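# Per-entry structural report
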Amino acid sequence: MKSARWYVAACVFSAFTLLLPLRNLRAQAQASPDDGEAMNAKAHALLDRAIRVNGLTVEGSKPWHVKADFQWQGHNEPIETGTIEEWWKGPDQWRRSYTMKKVTWTEWSVDRVHQFESPAQPLSKNFANLRIAAPLITPLFQAKNFLPEYPMQVAPMEAGVHVNCISIVDPARYIDKTDPDFLFPKYCLDGHGVLRGVVTSNTLVTFDDFTIFDNRAVAKTVDVYVDQQKMSESKVMLLTSLTSEDEGLLQPDKDAISQPFAPMASDPRPVLIHSEKPIVPANMVIAGGGGPVRVHVIIEKDGKVRPSGPIFVSSDARGGLVRAAIEAASSFRYQPYLIDSQPVEVSWNISFTYGHNGYVPQPPDEDDKPTGFDPKRDPYADLKIAETAAQQSHKHILLEVGGNWCIWCGYMDHFFADHPELDAYLKTNYVVLKMNWSSENHNNTFLSQYALITSLPFLIVLDENGKLLCAEKTGELERGHSYDPDKMKDFLSQWKPGPATTQTAVAGP
């Protein structure tokens, strides 16, 4: 399966991904706040252009019919071949069929809420859609996760190749319980904005042999490499406009099975209103073992939960822990999930983490966002108020840069709430001022006098007169899905009022 041409392509992209962090460090070390803002704007502009000129699925494009041959090979499995065929009228109106030697399987989308599939599922639906359908039809499907408020960067490829790769800066800051690789890959574009590669830490998708359909670039050859081995390849054999005769195929077969709504990262999360901790059997505690157990469930229209498999289990988790997780998940209750004011069934995952001494409580849900990051406030006026308070109480000023959308800003709120002694220490020595950073108001003019903001939350320490003492990323203070109490105490002690704050420290971006 591995041709010399694509082996070279894989090597080039793999080498590039190794060089990329070094290039970013060199570029960022020399970057001024204006450079960072300009790079962010350029990267978002490149992404917007890429969305407009690549792939087949976009709002307002003319309906189409595509057919492609494919072959895939799982780890230590034989090569399988087949055909994928899709009829598409709109983002939520389509039919997709896979035909292999002994398998034919189809899924339909009637509208945003109503999806159906064939009764039997003899192939890996997620694998097929992720490795074949998505790269072929919607290669930028993760782009919806790149929100306008997320800082981005651009890195040109080495060796004179005219390709720029755009990516989110520090993507792990904006997600929870999900590999950032999946939600935020690197997109590599040529000078025309045509997508040539999608890169993660272990996956490379390459695109070649382009044709133009409806003023958009469509790759007729798509290869997917995982851990430097070719996992799948697809070749478009037919691409044409959808005919009126084809539109009848968009209606599900009579025996098709209705599927629950599957929220994307850009959709609202289900709102949990009741949960219970799993009862861990004593013999399981004695036997040891632990790790995560993730239970796939269906949230019904009334908010009740029914387990629906599959179940992800770490290698250290034992059978009794799985049963406890399933029983606990069954007791969860959510607010009814509404789409267009109508309740719908939702496909969801509930995760439990076990330690060697039983159940370990989960970190706060990412819906628990902080308050106080107000994009409408005047940072200069707020700083004057903070300076007056600091001078009267002989404290320093701690600017916490973040936003109500920021998961880790929420974790910081929960951290101080869970550690009242540190919260008291903070308030004894600092006047705390929350500074908004979001698509509504980046406050870049104000913040650029102190530091280049590349991740959130970001901490800036000023003395009582507003002089910069420290600008610090919080990554070094983290532990798990929270913060390390000892490291946080050391940080607050180092920059509290007193002789230890005579020097200025500015962290690199």
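Residues numbered from 1 in each chain as written. Predicted model: local features only at pLDDT ≥ 70, side-chain atom pairs only at ≥ 80, totals over all residues. Heavy atoms only, no water.

## A look at the pairing of strand β1 (residues 64–72)
- Burial runs high along β1: seven of the nine residues are buried.
- Relative to strand β2 (residues 80–90), β1 runs antiparallel, the two sharing nine bridges. Within the sheet, the bridge partner assigned to W64 lies in β2 and is W88.
- Sheet topology note: the β1/strand β12 (residues 229–241) ladder contains nine bridges and is antiparallel. Across the sheet, the residue bridging to H65 is T240, located in β12. (Buried < 20%, exposed > 50% of the residue type's maximum accessible area, 1.4 Å probe, protein only. Helix = DSSP H or I, 4+ residues; strand = E, 2+ residues; numbered from the N terminus. Pairing = 2+ DSSP bridges.)

## Brief notes about the state of the cysteines
- Counting across every chain of the model gives one disulfide.
- Here C165 connects covalently by a disulfide to C188, the sulfurs 2.0 Å from one another. The disulfide joining C165 to C188 has a torsion of about 105° about its S-S bond and is therefore right-handed. Here C188 lies in strand β8 (residues 186–190) and C165 lies in strand β7 (residues 163–168), a separation of 23 residues in the sequence.
- Owing to a relative accessible area of 0%, C188 belongs among the buried residues under this scheme. (Disulfide = S-S within 2.5 Å.)

## Quick word on the packing of aromatic side chains
- Within this structure, the stated rule accounts for 14 aromatic pairs.
- Between F446 and Y450, the aromatic rings sit 5.6 Å apart at their centres with planes inclined by 75°, giving edge-to-face as the arrangement. Comparing F446 with Y450, the two get one shared label, buried.
- Above the face of the F213 ring, K62 is positioned so that its terminal group lies 5.0 Å from the ring centre.
- In this structure, R96 packs its charged tip against the face of W94, placed 4.7 Å from the ring centre. (Phe/Tyr/Trp six-rings, centres within 6.5 Å; stacked < 30°, edge-to-face > 60°. Lys NZ or Arg CZ within 6 Å of the ring centre and 35° of its normal.)

## Observations concerning the confidence of the model for the protein
- Per-residue confidence for the protein gives a mean pLDDT of 81; residues scoring 70 or more make up 79%.
- The weakest mean pLDDT in the protein belongs to helix α1 (residues 4–29) at 39; the strongest belongs to β1 at 95.
- The model gives residues 1–33 a pLDDT under 50, and that stretch makes 51 contacts with residues more than four places away or in other chains.
- For residues 363–370, every residue scores under 50 in pLDDT, and the model assigns this stretch 25 contacts once sequence neighbours within four places are set aside. (pLDDT = per-residue confidence, 0-100. Contact = heavy atoms within 4.5 Å.)

## Here we look at the pattern of salt bridges
- Under the defined criterion, the tally for this structure stands at 13 salt bridges.
- Among the ionic pairs, D223 bridges to K230, the shortest N-O distance being 3.2 Å.
- Several salt bridges converge on common partners, so that one network encompasses E86, R96 and E107. (Salt bridge = Lys/Arg side-chain N within 4 Å of Asp/Glu carboxyl O.)

## Here's the deal with helix α9 (residues 420–429)
- Residues of α9 that are buried: L422, Y425, L426 and N429. Angularly, the buried residues of α9 cover 100° about the axis, an arc narrow enough to put them on a single face. More than 90 degrees from the buried face of α9, the exposed residues found are P420 and T428.
- Elements in contact with the buried residues of α9: β22 (396–402), α8 (407–418), β23 (430–436) and α11 (485–494). (Arc of directions from axis to C-beta.)

## Some thoughts on the nonpolar core
- The biggest cluster of nonpolar side chains holds 92 residues, and the ones touching the most others in it are Y187, L399, V401, I460, M488 and F491.
- The greatest single-element share of this core, amounting to seven residues, is contributed by α8.
- Each residue touching L399, except ones within four places of it in the same chain, is listed here: L433, M435, F446, Y450, F458, L459, I460 and L462.
- The next biggest cluster of nonpolar side chains, apart from the first, holds 20 residues, and it includes V295, A328, I350 and F352. (Core = buried A, V, L, I, M, F, W, Y, C linked by side-chain atoms within 4.5 Å.)

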